[in-house]
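Here are the chains, one letter per residue:
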Amino acid sequence: IMLPISAINALRRDVLNELQCAIIEGNTPKRSICAENVDNETDSTPFSGKPLWVARFDGQMPSKAVLNEALRVCDRVDLPIWHKLPPDIDVSKISLILPRTVFDSDTDNIKMLIAGVKERGINQLTVPNIGMLSLCEGFILHGDYTLNVTNADSAKALIKLGFNSVTVSPEVVPDAIVKIVGAAEYIVYGKAPLMHTETCIISNITPCKKDGPCTAA
């Protein structure tokens, strides 16, 4: 049987292409974005009880009147841990948000802040990073949206780590939320930061012109 060189080269290319596809297919992780792989032990019944409302203040500390109203109408109010709370405020519904990133040089300061809020009677923390769990013993823990919960497996893993609730990633489409069993919270309104950086973006572009505390954020 005689074959021209062009046919032999084409056959070689076809074989190599099929081999390449087989190698890629065999080494590609299989992921389920919408949590279709919920195991049989997980109750996948959508939540049908009374919704719980959480108000979150990421920036400036709200006035006492606004804070009291939020505590009245909401089931929980999240505030950054570095805010100084009014002395006569009801702290039973307050959960303090830990910083998104804690460097080794910041650990002692964070420990002092956590010890201080415990003495104040606050027993809830909103945690943005599982690396901070060792600092949060003895608190009721709420998983922040930065934990990127997009499926039931990740929600269930965080609950096993000690979280009492976790927030679904804002990137998850609403129709898929009911499939993420174990994640009790979802952001329905508000502005989410698009970037978290240690350096100032403005000063990287133009010389810094700040006079006193930086207000670029």
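Residues numbered from 1 in each chain as written. Predicted model: local features only at pLDDT ≥ 70, side-chain atom pairs only at ≥ 80, totals over all residues. Heavy atoms only, no water.

## Some remarks on the sheet that holds strand E4 (residues 124-127)
Turning to step 1, where the next piece is worked out: With parallel pairing, the six strands of this open sheet are ordered in space as E1-E2-E3-E4-E5-E6. Whereas interior strands pair on both sides, the edge strands pair on one side only; in this sheet they are strand E1 (54-56) and strand E6 (165-166).
Turning to step 2, where the next piece is worked out: Taken together, the two bridges between strand E5 (residues 140-143) and E6 define a ladder with parallel strand orientation. Bridge assignment links His142 to a residue of E6, and that residue is Ser165. (Pairing = 2+ DSSP bridges. Helix = DSSP H or I, 4+ residues; strand = E, 2+ residues; numbered from the N terminus.)

## Here we look at the environment of Gly162
Turning to step 1, where the next piece is worked out: Its place among the elements puts Gly162 in the loop between helix H4 (152-161) and E6.
Turning to step 2, where the next piece is worked out: What makes Gly162 partly exposed here is its relative accessible area of 35%.
Turning to step 3, where the next piece is worked out: Measuring from C-alpha to C-alpha, the distance between Gly162 and His142 comes to 9.2 Å, with 20 residues separating the pair along the chain. (Buried < 20%, exposed > 50% of the residue type's maximum accessible area, 1.4 Å probe, protein only.)

## Brief notes about the side chain of Asp144
Turning to step 1, where the next piece is worked out: Looking at the element boundaries, Asp144 is found in the loop between E5 and H4.
Turning to step 2, where the next piece is worked out: Here Asp144 falls in the buried class, since its relative accessible area comes to 5%.
Turning to step 3, where the next piece is worked out: Within polar-contact distance, the side chain of Asp144 engages the side chain of Arg56 at 2.8 Å.
Turning to step 4, where the next piece is worked out: Not counting chain neighbours up to four residues away, the residues in contact with Asp144 comprise Arg56, Ile97, Thr126, Val127, Pro128 and Thr167. (Polar contact = N/O pair within 3.5 Å; in protein donor to acceptor, adjacent residues only side chain to side chain. Contact = heavy atoms within 4.5 Å.)

## Some thoughts on the nonpolar core
Turning to step 1, where the next piece is worked out: Judged by nonpolar contacts, the single largest core of 34 residues is most densely connected at Leu79 and Ile94.
Turning to step 2, where the next piece is worked out: For this core, the secondary structure elements donating two or more residues are helix H2 (64-73), strand E2 (76-80), strand E3 (94-97), helix H3 (107-120), E4 and H4.
Turning to step 3, where the next piece is worked out: Not counting residues up to four positions away in its chain, the partners in contact with Ile94 are Leu71, Val77, Leu79, Leu85, Ile89, Ile122 and Gln124. (Core = buried A, V, L, I, M, F, W, Y, C linked by side-chain atoms within 4.5 Å.)

## A closer look at the pairing of E3
Turning to step 1, where the next piece is worked out: Taking every second residue as pointing to the same face, both faces of E3 are buried, with Ile94 and Leu96 on one and Ser95 and Ile97 on the other.
Turning to step 2, where the next piece is worked out: The sheet contact formed by E3 and E4 spans two bridges and is parallel. Among the inter-strand pairings, Leu96 is bridged to a residue of E4, identified as Leu125.
Turning to step 3, where the next piece is worked out: Once you follow E3 into H3 and on to E4, the crossover reads as right-handed. (Right-handed = clockwise from strand over helix to strand, strands pointing away.)

## Topic: the pairing of E4
Turning to step 1, where the next piece is worked out: By the alternation rule, side chains of E4 split into Gln124 and Thr126 and Leu125 and Val127, which are all buried.
Turning to step 2, where the next piece is worked out: In terms of strand pairing, E4 meets E5 through four bridges, oriented parallel. Note on E5: the bridge partner recorded for Val127 is Gly143.

## Regarding the pattern of salt bridges
Think of it this way: side chains of opposite charge can pair up when their charged atoms draw near.
Turning to step 1, where the next piece is worked out: For the coordinates displayed, the defined rule picks out six salt bridges.
Turning to step 2, where the next piece is worked out: One salt bridge connects Asp58 with Arg56, and the closest N-O pair in it is separated by 3.0 Å.
Turning to step 3, where the next piece is worked out: Across the pair Asp78 and Arg76 runs a salt bridge, and its minimum N-O distance is 2.8 Å. By the burial criterion, Asp78 is buried, and Arg76 matches it.
Turning to step 4, where the next piece is worked out: Residues joined by salt bridges that share partners form a network here, namely Arg56, Asp58 and Asp144. (Salt bridge = Lys/Arg side-chain N within 4 Å of Asp/Glu carboxyl O.)

## Re the side chain of His83
Turning to step 1, where the next piece is worked out: In this structure, His83 sits in the loop between E2 and E3.
Turning to step 2, where the next piece is worked out: Residues contacting His83, with those up to four places away along its chain left out, are Gly59, Gln60 and Met61.

Remember that the coordinates give geometry; whether it matters functionally is a separate question.
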